[in-house]
Amino acid sequence: LHDALPICNNTAQYGGCAYVEELSYVYFYSGYIKNNTADYGGGIYTYGDFVMEGSNAHLSNNVAKYDGGGVCALGEYGEVRINYGKIIGNKAVNGAGIYWNAYNEIFGGVLNNVIITGNEASGIGGGVYVADDRYVYVGGKTVIQDNTSSLGTDNLNLIGYDSCITHGAVDY
């Protein structure tokens, strides 16, 4: 999705804007994914690779009935890389900004120079929810702040003994 027009007001069970299938790849460079609704992944639901890159890429005001208001990342092979961009004002039960969970150790994630703010979880992880011993690299000038959740911490939740943030700093 390069210089895409806004992708708005869609409804689906998985991925209000897009469902990324296993071993598939979606590259989102600029534009808006906003006001979409799904049971899982209000904006994006991915089992494959999802790359969001560019300061003009926005995931905003998407709603998931369960997990991942902005992005719900699951699966065996996928990786989510977000370089620049904004994830703002999304809602979900868990992981209102991003919900990260996977079934093997290959899966990981990157947050680099990303702004994640104003997301609201009625459960755990207003900004980012990392589950089941997964890792996420956070670097650059990533800001995760002013998110809310009813349980756990508002901005960043790590679930599992080996879940971790590596090689970077986060301002929250």
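Because the structure is predicted, anything quoted here is derived from the model rather than measured.

Q: Please set out unusual backbone geometry residue by residue, giving values where relevant.
A: With phi around 60°, Asn 9 is a residue other than glycine that occupies positive phi space. You can see Asn 9 is positioned in the loop between β1 (7–8) and β2 (11–14). For Asp 146, which is not glycine, the phi torsion reads 60° and is therefore positive. Mapped onto the elements, Asp 146 comes out in the loop between β21 (143–145) and β22 (148–151). Overall, Asp 146 belongs to the exposed group, its relative accessible area being 57%.

Q: Outline the sheet that holds strand β9 (residues 57–60), supporting the account with residue identities and numerical values.
A: Spatially, β1-β5-β9-β13-β17-β21 is the arrangement adopted by the six strands of the open sheet, whose pairing is parallel. Edge positions in the sheet fall to β1 and β21, since each has one partner strand and no second. Examined bridge by bridge, strand β13 (residues 86–88) and strand β17 (residues 115–117) share three bridges and lie parallel to one another. Looking at the pairing, Ile 87 lines up with Ile 116 of β17.

Q: Could you give an account of the pairing of strand β6 (residues 37–40), with specific residues and numbers?
A: Look at any regular strand and the pattern is simple: side chains alternate between the two faces of the sheet. As paired elements, β2 and β6 share three bridges and run parallel to each other. Along β6, the bridge assignment pairs Thr 11 with Thr 37. Examined bridge by bridge, β6 and strand β10 (residues 63–64) share two bridges and lie parallel to one another. Its bridge partner being in β10, Ala 38 is matched across the sheet by Ala 64.

Q: Report on the nonpolar core, specifying residues and quantitative values.
A: Counting 24 residues, the largest nonpolar core has Trp 100 and Leu 111 as the members making the most contacts within it. The contact partners of Leu 111, leaving out residues within four places of it in the chain, are Ile 82, Ile 98, Trp 100, Ile 116, Val 128, Val 136, Tyr 137, Val 138, Gly 139, Thr 142 and Ile 144. By size, the runner-up hydrophobic cluster in this structure holds seven residues, among which are Tyr 45, Tyr 47, Cys 72 and Leu 74.

Q: Go over the confidence of the model for the protein, please, and point to the residues and values.
A: Looking at the protein as a whole, the pLDDT averages 81, with 78% of positions reaching at least 70. Of the regions scoring below 50 in pLDDT, residues 160–165 engages in 18 contacts with residues more than four places distant in sequence or in other chains.

Q: Tell me what's going on with the side chain of His 58, and back it up with residues and numbers.
A: Residue position: His 58 is located in strand β9. Residues within four places of His 58 in sequence aside, it is in contact with Phe 28, Gly 31, Tyr 32, Ile 33, Met 52 and Lys 86.

Conventions and cut-offs
- Residues numbered from 1 in each chain as written.
- Predicted model: local features only at pLDDT ≥ 70, side-chain atom pairs only at ≥ 80, totals over all residues.
- Heavy atoms only, no water.
- Helix = DSSP H or I, 4+ residues; strand = E, 2+ residues; numbered from the N terminus.
- Buried < 20%, exposed > 50% of the residue type's maximum accessible area, 1.4 Å probe, protein only.
- Pairing = 2+ DSSP bridges.
- Core = buried A, V, L, I, M, F, W, Y, C linked by side-chain atoms within 4.5 Å.
- Contact = heavy atoms within 4.5 Å.
- pLDDT = per-residue confidence, 0-100.

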